[in-house]
Amino acid sequence: MTSYWCERAWLGGDAVDEGVVIDVDGDRIAAVNPDVAVAPQGCVRLSGVTVPGLANSHSHAFHRALRSTTESQAGSFWTWREQMYALAERLDPDGYLALARATFAEMVLAGITLVGEFHYLHHDRGGRAYSDANRLGSVILQAASEAGVRITLLDACYLHGDGGAELAGAQRRFGDGDADRWAARVSDLAAGPTARIGAAIHSVRAVDPTAAAIVAAWAAEHGAPLHAHVSEQPAENDACRARYARTPTALLADIGAVHSRFTAVHATHLTTDDISILGTARATCCLCPTTERDLADGVGPASRLRDAGARLALGTDSNAVIDLFEEARGVELDERLVSGTRGHHSAPGLLAAATRDGYASLGWPEGGRIAPGATADFTTVGLDSVRLAGTETDHALEALVFAASATDVRNVVVAGRSIVSDGVHRDIDVARELHDAIVAVRS
C-alpha cells in the first residue's frame with residue numbers, strides 16, 4: 001500500500017477538494033479520504049492540484065517526426081497528407097520503436113496516462129507482411145510499456161485509396177487486402193495489464209461499407225472500442241455522398257458501427273442528422289483542436305454534440321502539440337471564435353472529457369476517476385509557475401483548463417507506479433531520445 005497526500009484534488013465535482021489522501025494498493029485506488037488538513041506520516045506529498053490521469057484518445061505516434069517540418073509550406077490537409085506519406089515510407093521497426101517510445105514518454109511528461117494509438121502502419125515498405133504480421137503493432141505496445149503509459153492499440157483497417165482506388169506508394173503499408181485478413185491479424189494481438197486492443201475503421205474513404213461492417217462486427221464480438229475518422233474534411237463528405245448517397249456518419253450507422261462504444265474522431269463537418277445519430281447512440285466524439293487548426297480542418301459542433309447526448313473526448317492526433325490542457329481549452333476557445341459568444345463548455349466538463357470520458361472511449365471504464373476501485377492513474381499539476389501563480393482553490397479547475405500547460409505537470413502515477421517525479425521522467429531522457437529518434441527517421 002502506498003498513500004499520497006494531495007494538497008488539492010479533483011474528485012469529479014464542480015470544484016477541487018483540499019487535503020485528500022489517496023491509498024493505492026497495487027494498480028488500483030483502494031481508498032480516497034478528503035478533508036485531511038495535514039499530510040499523515042509516511043504519505044507521499046503531492047503539491048498542487050491532482051486530477052485523474054489524462055486520456056489522449058487519438059494519436060498517430062509517428063506523426064511526431066513531422067513537427068515543424070510541415071509549417072514552411074502553404075496548402076491544405078491534402079498537401080500535408082503527402083508529407084505524412086513520405087515519412088511513413090521511411091519507417092522501419094527499430095526506428096518506429098525509438099520514435100514511439102520517446103513520443104509516448106513526452107505524453108507522460110504532459111500528464112497523459114492513457115493513449116489511444118490509431119495504428120495503420122502495418123507492413124513493410126513494399127506492402128508485404130512481416131514474418132510476424134503484427135510486428136509494428138507489437139512495436140507500439142512495447143514502446144508504450146517502456147515509456148510507462150497505458151495504451152489502447154486501435155488497429156485500423158485501411159483497404160482503399162480515395163474513390164476506391166488500389167493502394168499505392170506508402171498506402172501499401174497500411175492495407176491488409178480485405179477485412180477478413182485484417183480481422184485474422186488483429187485477433188492475434190495480445191493485450192496486457194496496461195494494454196488493450198481496439199478496432200478502427202480508418203475512414204469511409206479507405207474502407208467500403210461491407211468491409212466496415214466486418215470491422216464493426218469484430219469489435220462487437222470482442223467487446224472492444226471502435227473508432228473511425230469521420231467528416232474531417234468537406235471533400236470527404238462530398239465523396240461519400242457521391243458514392244453512397246449518404247454522409248459518413250449515416251453510412252457507419254447503417255452498417256451497425258455507431259453505438260456507445262463508438263468514437264467519431266474529429267466529427268468536424270456534420271449535418272444536423274449526423275449530430276442526432278451520434279447523440280442518440282451515446283457515441284463519443286474525439287476532438288483534436290490543435291491538429292484541426294494545424295491542418296485547417298475547421299471547428300466541430302462540440303456543444304451541439306454534447307447537448308444531443310454524445311460524450312466528448314480529446315486527442316493530440318498528429319502530435320504537432322502534446323498538451324491535453326491546450327486541447328481542452330481549444331474546444332471552448334475555438335467555439336467562441338466561430339460563435340461570437342463565450343461559455344459553451346465548463347472547466348469541469350472539459351476536464352471530464354480529458355479524463356473519465358476519454359478513458360471510457362478507449363475501453364477503460366474503470367479509469368479516469370479518483371475513486372475506490374479505479375485504476376491508480378493520476379496527474380499532479382503544480383501551481384508554482386508564472387502561468388498559475390495566484391490560483392485560488394475556488395477557481396483551480398478553471399486555472400488548469402484555461403491557463404496550465406504540459407510543463408506544469410509535476411507528478412504522474414500510472415498503474416500505481418510513479419513515472420514522473422518533480423517534472424522528470426524517471427526512466428527516460430526524453431529530449432535526447434526524441435532528438436535521436438527524429439533525426440534517424442528524417443535522415
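First things first, this report covers the structure right here in the doc. Keep in mind the model is a prediction, meaning the values are calculated, not measured.

**Digging into the side chain of Thr152**
Inference 1: The topology assignment puts Thr152 in strand 7 (residues 150-157).
Inference 2: In this view, Thr152 contacts Leu114, Val115, Gly116, Glu117, Arg196, Ile197, Gly198, Pro225, Leu362 and Trp364; residues no more than four positions away in its chain are not counted.

**Things to note about the environment of Val32**
Inference 1: Inspection of the secondary structure puts Val32 in strand 3 (residues 28-33).
Inference 2: A residue is classified by how much of its surface remains accessible, and Val32, at 18% relative accessible area, is buried.
Inference 3: On a C-alpha basis, the gap between Val32 and Leu397 in space is 19 Å, while along the polypeptide they are 365 residues apart.
Inference 4: Ignoring any residue separated from it by four or fewer positions in sequence, one finds Val32 in contact with Leu11, Val20, Val21, Ile370, Ala371 and Pro372.

**Let's talk about the sheet that holds strand 1 (residues 2-9)**
Inference 1: Spatial ordering of the open sheet is given by 3-2-1-4-13-14-15-16, a layout of eight strands whose pairing is mixed. At either end of the open sheet lies a strand with only one pairing partner, and these are strand 3 and strand 16 (424-425).
Inference 2: Relative to strand 2 (residues 17-25), strand 1 runs antiparallel, the two being bridged by seven bridges. Paired with Thr2 across the strands is Val24, a residue of strand 2.

**Remarks on unusual backbone geometry**
If a residue is not glycine, its phi is most likely negative; likewise, a peptide bond is most likely trans.
Inference 1: The backbone phi angle of Arg282 is positive, close to 60 degrees, even though this residue is not glycine.
Inference 2: With respect to the helices and strands, the residue Arg282 is situated in the loop between helix 8 (272-280) and strand 11 (284-287).
Inference 3: The class of Arg282 is partly exposed, set by a relative accessible area of 43%.
Inference 4: Even without glycine at this site, Ala296 takes up a positive phi of about 60 degrees.
Inference 5: Along the chain, the position of Ala296 falls in the loop between helix 9 (289-294) and helix 10 (302-308).

**Notes on a nonpolar patch on the surface**
Inference 1: Residues Val299, Leu337 and Val338 make up a contiguous nonpolar surface patch of about 310 Å² in total accessible area.
Inference 2: Considering the arrangement of structural elements, one finds Leu337 in helix 11 (residues 324-339).

**Description of the sheet that holds strand 6 (residues 112-119)**
Inference 1: The eight strands lie next to each other as 5-6-7-8-9-10-11-12, forming an open sheet whose pairing is parallel. Strand pairing shows two members of the sheet lacking a second neighbour, strand 5 (54-59) and strand 12 (311-314), which therefore form its edges. Going from strand to strand, the sheet's axes swing by 25 degrees on average, the running direction of each strand aside.
Inference 2: Bridging between strand 9 (residues 226-230) and strand 10 (residues 262-266) involves five bridges; their strand directions are parallel. In the sheet register, His227 faces strand 10, and the bridge partner there is Thr263.
Inference 3: Against the sheet, helix 4 (residues 179-186) engages strand 7 and strand 8 (195-201), with an angle of about 160 degrees to strand 7.

**Focus: the pattern of salt bridges**
Inference 1: Taken as a whole and judged by the stated rule, the model has 28 salt bridges.
Inference 2: As a salt-bridge pair, Arg64 and Glu106 come within 2.9 Å of each other at their nearest N and O atoms. Placement of the pair is Arg64 in the loop between strand 5 and helix 1 (77-90) and Glu106 in helix 2 (residues 93-109), with a sequence separation of 42 residues.
Inference 3: Put simply, Arg241 and Asp238 hold a salt bridge, and the shortest N to O gap is 3.9 Å. Of this pair, Arg241 and Asp238 both sit in helix 6 (residues 234-244), three residues apart, which is roughly one turn of that helix.
Inference 4: Look at Asp238 and you get partly exposed, because its relative accessible area is 49%.
Inference 5: A single network of salt bridges, built from pairs that share partners, joins Arg101, Glu146, Asp429, Arg432, Glu433 and Asp436.

**Comments concerning empty space enclosed by the protein**
Inference 1: One pass over the full model with this rule turns up three cavities of 30 Å³ or more.
Inference 2: Considered as a void within the structure, the largest cavity measures approximately 170 Å³ in volume.
Inference 3: Residue lining of the largest cavity: 18 residues in total, with Phe77, Trp80, Met84, His202 and His229 positioned closest to the centre.
Inference 4: Among the elements that make up the lining of the largest cavity, the one with the highest residue count is helix 1 (five residues).
Inference 5: Taken as a whole, the second largest cavity encloses approximately 50 Å³ of empty space.
Inference 6: Looking at the second largest cavity, the residues that line it are His63, Leu66, Arg67, Thr70, Glu71, Trp80, Asp294, Ser318 and Ala320.
Inference 7: For the lining of the second largest cavity, a count of residues per class yields three nonpolar, three polar and three charged.

**Describing the packing of helix 12 (residues 347-354) against helix 14 (residues 396-403)**
Inference 1: It is at 9 Å that the axes of helix 12 and helix 14 come closest, and there the two elements cross at 60 degrees. It follows from the interaxial angle that helix 12 and helix 14 lie oblique. In terms of crossing hand, the pair formed by helix 12 and helix 14 is left-handed. Residues Ala347, Pro348, Leu350 and Leu351 of helix 12 pack against Leu397, Glu398, Val401 and Phe402 of helix 14.
Inference 2: By residue class, the composition of the contact of helix 12 with helix 14 is seven nonpolar, no polar and one charged.

**Topic: the nonpolar core**
Inference 1: Phe104 and Phe262 are the most contacted members of the largest nonpolar core, which has 131 residues in total.
Inference 2: No other element matches helix 2, which puts nine residues into this core.
Inference 3: Contact partners of Phe104, with chain neighbours within four places excluded, come to Ala61, Val115, Glu117, Ile140, Ala143, Ala144, Ala147, Val149 and Ile151.

**Quick look at the layout of surface pockets**
Inference 1: Taken as a whole, the largest pocket holds about 230 Å³ of empty space.
Inference 2: Surrounding the largest pocket, 16 residues form its lining, Arg306, Gly349, Ala352, Arg356 and Asp357 being those nearest its centre.
Inference 3: Looking at the lining of the largest pocket, the element that brings in the most residues is helix 12, giving five residues.
Inference 4: Residues of the lining of the largest pocket, tallied by class, amount to seven nonpolar, four polar and five charged.

Basis of the calculations
- Residues numbered from 1 in each chain as written.
- Predicted model: local features only at pLDDT ≥ 70, side-chain atom pairs only at ≥ 80, totals over all residues.
- Heavy atoms only, no water.
- Helix = DSSP H or I, 4+ residues; strand = E, 2+ residues; numbered from the N terminus.
- Contact = heavy atoms within 4.5 Å.
- Buried < 20%, exposed > 50% of the residue type's maximum accessible area, 1.4 Å probe, protein only.
- Pairing = 2+ DSSP bridges.
- Patch = residues over 30% accessible without salt bridge, like charges linked within 9 Å, V, L, I, M, F, W, Y side chains within 5 Å.
- Areas by Shrake-Rupley, 256 points an atom, 1.4 Å probe, with all protein chains shown as cover.
- Salt bridge = Lys/Arg side-chain N within 4 Å of Asp/Glu carboxyl O.
- Axes fitted to C-alpha atoms, helices over the stretch in contact; angles between N-to-C directions.
- 1 Å grid on protein atoms, 1.4 Å probe; cavity = no way out; pocket = protein on both sides within 12 Å on 5 of 7 lines; lining within 4 Å.
- Points joined across faces, edges and corners; volume = space filled by probe spheres on them.
- Nonpolar A, V, L, I, M, F, W, Y, C, P; charged D, E, K, R; others polar.
- Parallel < 35°, antiparallel > 145°, perpendicular 65-115°, else oblique.
- Left-handed = near helix turned anticlockwise from the far one by under 90°.
- Core = buried A, V, L, I, M, F, W, Y, C linked by side-chain atoms within 4.5 Å.

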